[in-house]
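Residue-level listing of the chains:
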Amino acid sequence: MGRLKDYETLKATREYSYVYNHAKKWHYEGALVFYNNDTAKRVGFTASKKVGNAIKRNLAKRRLRAIFLEIQHTLQNGVYVFVAKEKINHIPYDVLKKGILWSVKKLNCVKE
């Protein structure tokens, strides 16, 4: 596992808003995945206050980031946003990873 060296991180609110309004999305019990087909490789991770306090939100984003690091080599170029949902910290890591993999397959962003 490494860093997000191949992917640029989304930073501005307007970047997230564009993805929320124009990308395909897939709901999963612990997370919401947005994908917008693009030549750029960009990714963002968010967790609202519904997830919990700052410690719980950071834990949720770290879990999403770790899963993304494991699967990034199987994904097509594009813009990805992973949004943590309330139940994310109550789901075992392997179940969460399986759900994220299912989500990206349903969004048709896995390399063939």
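The structure under discussion appears in the preceding block.
Remember, it's a predicted structure, so these values are computed and weren't measured experimentally. Throughout this description, residue numbers start from 1 for each chain and increase along the sequence as written. Since the coordinates come from a predicted model, pLDDT governs what is reported: local features require at least 70, and pairs of side-chain atoms require 80 or more to be given and counted, while whole-chain, interface and lining totals use all residues. Calculated side-chain values reflect all of the structure's heavy atoms, with hydrogen atoms and water omitted.

Colleague: In this structure, what is going on with the environment of Ala47? I would like to understand it.
Modeller: Within the secondary structure layout, Ala47 lies in strand β4 (residues 41-47). Considered as a pair, Ala47 and Val83 are 36 residues apart in the sequence and their alpha carbons are 5.7 Å apart. Contacts are assigned to residue pairs that have any heavy atoms within 4.5 Å of one another. Leaving out residues up to four positions away in the same chain, Ala47 has contacts with Arg57, Lys61 and Ala84. By definition, any uninterrupted DSSP run of H or I lasting at least four residues is a helix, any uninterrupted run of E lasting at least two residues is a strand, and each is numbered from the N terminus.

Colleague: Which parts of the structure should I look at to understand the pairing of strand β2 (residues 24-27)?
Modeller: The side chains of a regular strand alternate, first on one face of the sheet and then on the other. Two elements, β2 and strand β3 (residues 31-37), share 4 bridges in a ladder whose sense is antiparallel. In the strand pairing of β3, His27 is matched with Leu32. DSSP bridges decide pairing: two strands pair if at least two such bridges lie between them. Following β2, the chain reverses through 3 residues before pairing antiparallel with β3.

Colleague: Teacher, can you tell me more about the nonpolar core here?
Modeller: Soluble globular proteins tend to bury their nonpolar side chains together. Buried residues of nine kinds, namely Ala, Val, Leu, Ile, Met, Phe, Trp, Tyr and Cys, make up a nonpolar core once their side-chain atoms join them within 4.5 Å. For the exposure calls, accessible area comes from a 1.4 Å probe over protein chains only, and a residue counts as buried if that area is under 20% of its type's maximum, exposed if over 50%, partly exposed in between. Core analysis: the biggest nonpolar cluster contains 27 residues, and Val43, Leu64, Phe68, Leu75, Tyr80, Phe82 and Ile100 have the highest contact counts within it. Among the elements that take part in this core, helix α2 (residues 54-71) stands out by supplying 6 residues, more than any other. Excluding anything up to four places from it in sequence, Ile100 contacts Ala31, Val33, Leu64, Ile67, Ile71 and Phe82. By size, the runner-up hydrophobic cluster in this structure holds 9 residues, among which are Leu10, Tyr16, Leu32 and Val81.

Colleague: Can you walk me through helix α1 (residues 13-22) in this structure?
Modeller: Along α1, the residues that are buried comprise Glu15, Tyr16 and Val19. Seen end-on, α1 carries its buried residues on one side only, within an arc spanning 95°. Within α1, the exposed residues directed more than 90 degrees away from the buried face are Thr13, Arg14 and Asn21. Against the buried residues of α1 lie β3, β4 and β5 (78-84). This arc describes the spread of directions from the helix axis toward the C-beta atoms.

Read these as layout, nothing more, since geometry by itself doesn't imply function.
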